Every structure is written in C-alpha cells, then in structure tokens.
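Commentary on secondary and tertiary structure
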Amino acid sequence: MKDPDPSFQPVHGQIETLEPGIRRIVAPNPSPMTFRGTNTFVLGEKELAVVDPGPISDPHLDAILQTISNATPLKYILVTHAHLDHSPLAARLSEMTGAPIVAFGDAQAGRSDIMQELAQSQQIGGGEGVDISFKPDVIVDHDTTLDLDGAQIDILHTPGHFGNHISIGYNRALLSGDLVMGWATTLISPPDGDLTDFRNSCNMLLARDWNSFHPSHGAPLTSPNDRLEELLAHRNMRENQILDRLQGAPQTAKSIAAAIYTETPAALLPAAERNVMAHLIDLTRRKVIKHEGNLHVASGFKAI
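Residues numbered from 1 in each chain as written. Predicted model: local features only at pLDDT ≥ 70, side-chain atom pairs only at ≥ 80, totals over all residues. Heavy atoms only, no water.

1. Re the pairing of strand 12 (residues 212-215)
Side-chain alternation along strand 12 places Ser-212 and His-214 on one buried face and Phe-213 and Pro-215 on a second face that is also buried. Bridge analysis of strand 11 (residues 173-177) against strand 12 gives four bridges, and the strand direction is parallel. Directly across from Gly-177, in strand 12, lies its bridge partner Pro-215. Considered for its hand, the β-α-β crossover made up of strand 11, helix 4 (residues 195-206) and strand 12 is right-handed. (Buried < 20%, exposed > 50% of the residue type's maximum accessible area, 1.4 Å probe, protein only. Helix = DSSP H or I, 4+ residues; strand = E, 2+ residues; numbered from the N terminus. Pairing = 2+ DSSP bridges. Right-handed = clockwise from strand over helix to strand, strands pointing away.)

Quick look at the structure:
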C-alpha cells in the first residue's frame with residue numbers, strides 16, 4: 001500500500017511544538033487505521049490541557065507525564081471521541097493528576113435518532129473499536145467555552161465519524177480529531193458514524209475562520225477549508241458511484257464496495273463496506289433509494 005504522507009515521520013513519545021501553545025506527542029500505535037499513531041496534544045503554557053491521551057500504553061503515559069511534570073496542575077483532559085485509540089488512557093491520567101475528563105458524553109452520546117434506533121435493532125453491524133467503558137467527569141455541550149490561563153478553548157460538537165465527537169478550537173487553530181485528516185478520508189461506520197452528520201459538521205466548520213487544523217492522526221493542515229471542500233466533494237463522488245450501481249438489480253453494501261473500491265487492499269475492504277453502508281443509510285433517509293425488507297447489514301438496495 002502506498003504511503004499517503006511519507007514526509008510525516010514523527011518519533012513516538014517525542015514532544016513537538018506545532019505552534020504557540022500547541023504541542024504534540026504521537027502514541028506508539030501505528031496501523032492502517034491510525035497511520036503513524038494517535039496524536040496526543042498538550043495545550044497551554046502555564047495551565048495545561050491534554051487532548052486525546054490515547055490508547056493504554058505505559059511508554060505513552062510516561063511521555064505525557066514528563067511533558068506536564070514541571071507545569072502547574074493539569075487543568076483538563078479533553079477527549080475528542082470514545083474510540084480505543086483515543087480515550088482509554090484518560091482514566092489513568094486523571095487518576096494520576098486529578099484533572100477531570102471532559103467530553104461530549106459517553107460512547108453512545110450524540111447519535112442521531114435514526115442511528116440510535118439502528119443501534120438498538122443490532123441489525124447493521126458497526127461498533128468497531130468503541131471504548132464502551134468511557135465515562136467523562138464533565139459533559140460539555142456544543143459551543144461551550146473553557147478558560148485555560150486566560151485563553152479560550154472552544155468546544156464544537158462535530159459528529160459524523162462518531163456521535164460524541166468534538167473538535168477543539170484554540171487560538172484560531174482547530175484540533176479536528178478524526179473528522180478531518182489529511183492522510184485519509186474519515187471512516188464513517190453506522191451507527192456510530194453518520195454521513196448526514198458528517199456533512200453538517202464539515203459545513204459548520206467551513207462557516208468559521210481557521211488558520212490550521214491539527215488532526216488526531218497525521219500532519220497538520222495549513223489550508224483547512226480546502227481540505228473540508230475536498231472531503232465533501234469526495235463524498236459526493238462516492239455517492240454518484242453508488243447510485244450508478246443501484247440502477248439495476250438490488251445491491252448490498254458488500255457488493256458495492258467490491259465494485260467501487262477496486263484499488264483498496266483486501267484488509268481495508270471491511271472499512272470500505274462500512275463507508276458504503278453510511279451512504280446507503282443517508283440516501284435512504286433522503287428517499288433516493290430503498291431497501292428490501294428491514295434495514296440490515298446485508299440488505300439489498302436499489303434506486304427508487
């Protein structure tokens with residue numbers, strides 16, 4: 001598989017300053033889904049906030065503690081969303097520092113009504129990599145602001161990749177979690193992922209003024225609006241490909257993924273199938289297509 005960004009070669013556990021008040025430590029959990037590893041961010045100078053402590057990893061915990069050891073007490077532990085590569089280390093870091101864990105809610109928070117119904121039906125699969133034990137100490141709403149030594153942290157609810165996903169604004173930079181990345185498009189796997197919400201979140205971010213995005217995987221984005229528009233255009237392209245496949249006999253998410261993700265390695269085809277499922281649910285909600293019988297992971301779909 002071709003390396004999507006060979007220039008991004010961080011050293012695991014090494015602290016790097018990205019811009020004033022924003023530092024990054026990359027966790028040692030590289031994979032096809034996490035790229036070089038999860039980016040943990042440290043915000044602030046005199047007061048500090050840690051964003052996405054990452055997976056359970058003693059070396060990574062040590063790197064975080066070394067970074068904050070000479071500072072005033074850690075004020076916040078912010079978690080963008082409850083995936084196993086982002087949130088599990090938060091509890092241990094909180095126990096050791098006394099800092100509260102701040103998030104939009106637990107692993108089921110923020111789902112749209114239809115996704116909540118689909119989750120309860122247990123008919124569409126999903127649930128990959130969810131940290132079901134995640135529970136924040138402080139629950140924040142969309143457009144909440146937090147003070148960090150006189151600077152403002154802006155909390156934005158940005159579901160799409162995950163229901164409880166937040167993005168975090170700080171000095172006109174945005175920590176965009178897994179919603180917006182440069183090295184890859186975002187996995188949207190229902191019921192935790194929601195394509196309708198993804199488009200709404202991207203459009204909401206487009207309406208605001210940002211200098212840079214710092215994703216939770218991969219390198220910073222210096223032209224964030226361009227990337228947002230690329231991601232929306234990519235989803236429109238995938239939608240058109242899917243609709244082309246639905247003009248004849250009914251097709252399943254699996255058969256569509258095999259037909260349109262022709263250059264995707266076999267190991268990543270299950271993720272591609274989940275992305276297709278997200279499109280099929282979105283198109284069904286918009287009454288562009290229909291499915292046979294009850295909505296199920298193996299349902300056949302066709303154009304109306």
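Still more to cover.
2. A short note on the packing of aromatic side chains
Across all of its chains, the model carries three aromatic pairs by this definition. Judged by centre distance (6.0 Å) and plane angle (20°), the ring pair of Phe-8 and Phe-35 falls under stacked. Of this pair, Phe-8 sits in the segment before strand 1 (16-19) while Phe-35 sits in the loop between strand 2 (22-26) and strand 3 (39-43), and the two are 27 residues apart along the sequence. For Phe-8, a relative accessible area of 6% corresponds to the buried category. Taken together, a centroid distance of 4.6 Å and an interplanar angle of 5° make the contact between Phe-35 and Trp-183 stacked. (Phe/Tyr/Trp six-rings, centres within 6.5 Å; stacked < 30°, edge-to-face > 60°.)

3. Side note on the layout of surface pockets
Size it by volume and the largest pocket reaches roughly 1100 Å³. Looking at the largest pocket, it is lined by 41 residues, and the ones nearest its centre are Met-33, Thr-185, Leu-268, Ala-271 and Asn-275. Among the secondary structure elements, those contributing two or more residues to the lining of the largest pocket are helix 5 (224-245) and helix 7 (269-285). If one sorts the elements of the lining of the largest pocket by residue count, helix 7 sits on top with five residues. Partitioning the lining of the largest pocket into residue classes produces 19 nonpolar, 13 polar and nine charged. In this structure, the second largest pocket encloses a volume near 200 Å³. Together, Asp-106, Ala-107, Gln-108, Arg-111, Ala-119, Gly-127, Val-130, Ile-132, Phe-134, Lys-135, Pro-191 and Asp-192 line the second largest pocket. Taken together, the residues of the lining of the second largest pocket sort by class into six nonpolar, two polar and four charged. (1 Å grid on protein atoms, 1.4 Å probe; cavity = no way out; pocket = protein on both sides within 12 Å on 5 of 7 lines; lining within 4 Å. Points joined across faces, edges and corners; volume = space filled by probe spheres on them. Nonpolar A, V, L, I, M, F, W, Y, C, P; charged D, E, K, R; others polar.)

4. Regarding helix 4
Taking 1.5 Å per residue, twelve residues should reach 16 Å; helix 4 reaches 17 Å between its end C-alpha atoms and fits that length. Among the residues making up helix 4, those that are buried are Leu-195, Asp-197, Phe-198, Arg-199, Ser-201, Cys-202, Met-204 and Leu-205. Of the residues that open helix 4, the one with a side-chain oxygen 3.0 Å from the backbone nitrogen of Thr-196 is Asp-194. (Expected span 1.5 Å × (residues − 1). Polar contact = N/O pair within 3.5 Å; in protein donor to acceptor, adjacent residues only side chain to side chain.)

5. What about the sheet that holds strand 12?
An order of 8-9-10-11-12 is seen for the five strands of this open sheet, with the pairing classed as mixed. Edge positions in the sheet fall to strand 8 (144-148) and strand 12, since each of these pairs with one other strand and no more. Strand after strand, the sheet turns through a mean of 25° between neighbouring axes, direction not considered. By the bridge criterion, three bridges tie strand 10 (residues 166-170) to strand 11 in an arrangement that is antiparallel. Residue pairing in the sheet places Tyr-170 in a bridge with Ala-173 of strand 11. Sheet strands touched by helix 4: strand 9 (151-157), strand 11 and strand 12. Its angle to strand 9, the strand with the most contacts, is close to 150°. (Axes fitted to C-alpha atoms, helices over the stretch in contact; angles between N-to-C directions. Contact = heavy atoms within 4.5 Å.)

6. A closer look at the sheet that holds strand 2
As summarised here, the arrangement of the seven strands in space is 1-2-3-4-5-6-7, forming an open sheet in which the pairing is mixed. Each end of this open sheet is capped by a strand with a single partner; those strands are strand 1 and strand 7 (138-139). Judged from the five bridges that link them, strand 2 and strand 3 form a sheet pairing that is antiparallel. The partner of Val-26 across the bridge, within strand 3, is Asn-39. Across the sheet, helix 1 (residues 58-68) is in contact with strand 2, strand 3, strand 4 (48-51) and strand 5 (74-78); its angle to strand 2 comes to roughly 155°. Against the sheet, helix 2 (residues 89-97) makes contact with strand 4, strand 5 and strand 6 (101-103), and its axis sits at roughly 170° relative to strand 5, the strand it touches most.

7. A look at the confidence of the model for the chain
A residue-level look at the chain finds 99% of positions with pLDDT of 70 or above and a mean pLDDT of 96. The element-level mean pLDDT for the chain is lowest in helix 3 (residues 113-121), coming to 95, with strand 6 highest at 99. (pLDDT = per-residue confidence, 0-100.)

8. A look at the side chain of His-165
Along the chain, His-165 falls in the loop between strand 9 and strand 10. Residue classification places His-165 among the buried residues on the basis of a relative accessible area of 0%. In this structure His-165 touches Thr-80, His-81, Leu-156, His-157, Thr-158, Pro-159, Ser-176, Gly-177, Asp-178 and Leu-179, once residues within four positions along its chain are discounted.

9. A few points about the packing of helix 5 against helix 6 (residues 253-260)
Two numbers describe how helix 5 lies on helix 6: the axes approach to 10 Å, and their chain directions differ by 115°. Overall, the two elements helix 5 and helix 6 adopt an arrangement that is roughly perpendicular. Pair helix 5 / helix 6 crosses with right-handed handedness. Where helix 5 approaches helix 6, its residues Arg-238, Gln-241, Ile-242 and Arg-245 are matched on the opposing element by Ile-256, Ala-259 and Ile-260. Partitioned by chemical class, the residues of the contact of helix 5 with helix 6 number four nonpolar, one polar and two charged. (Parallel < 35°, antiparallel > 145°, perpendicular 65-115°, else oblique. Left-handed = near helix turned anticlockwise from the far one by under 90°.)

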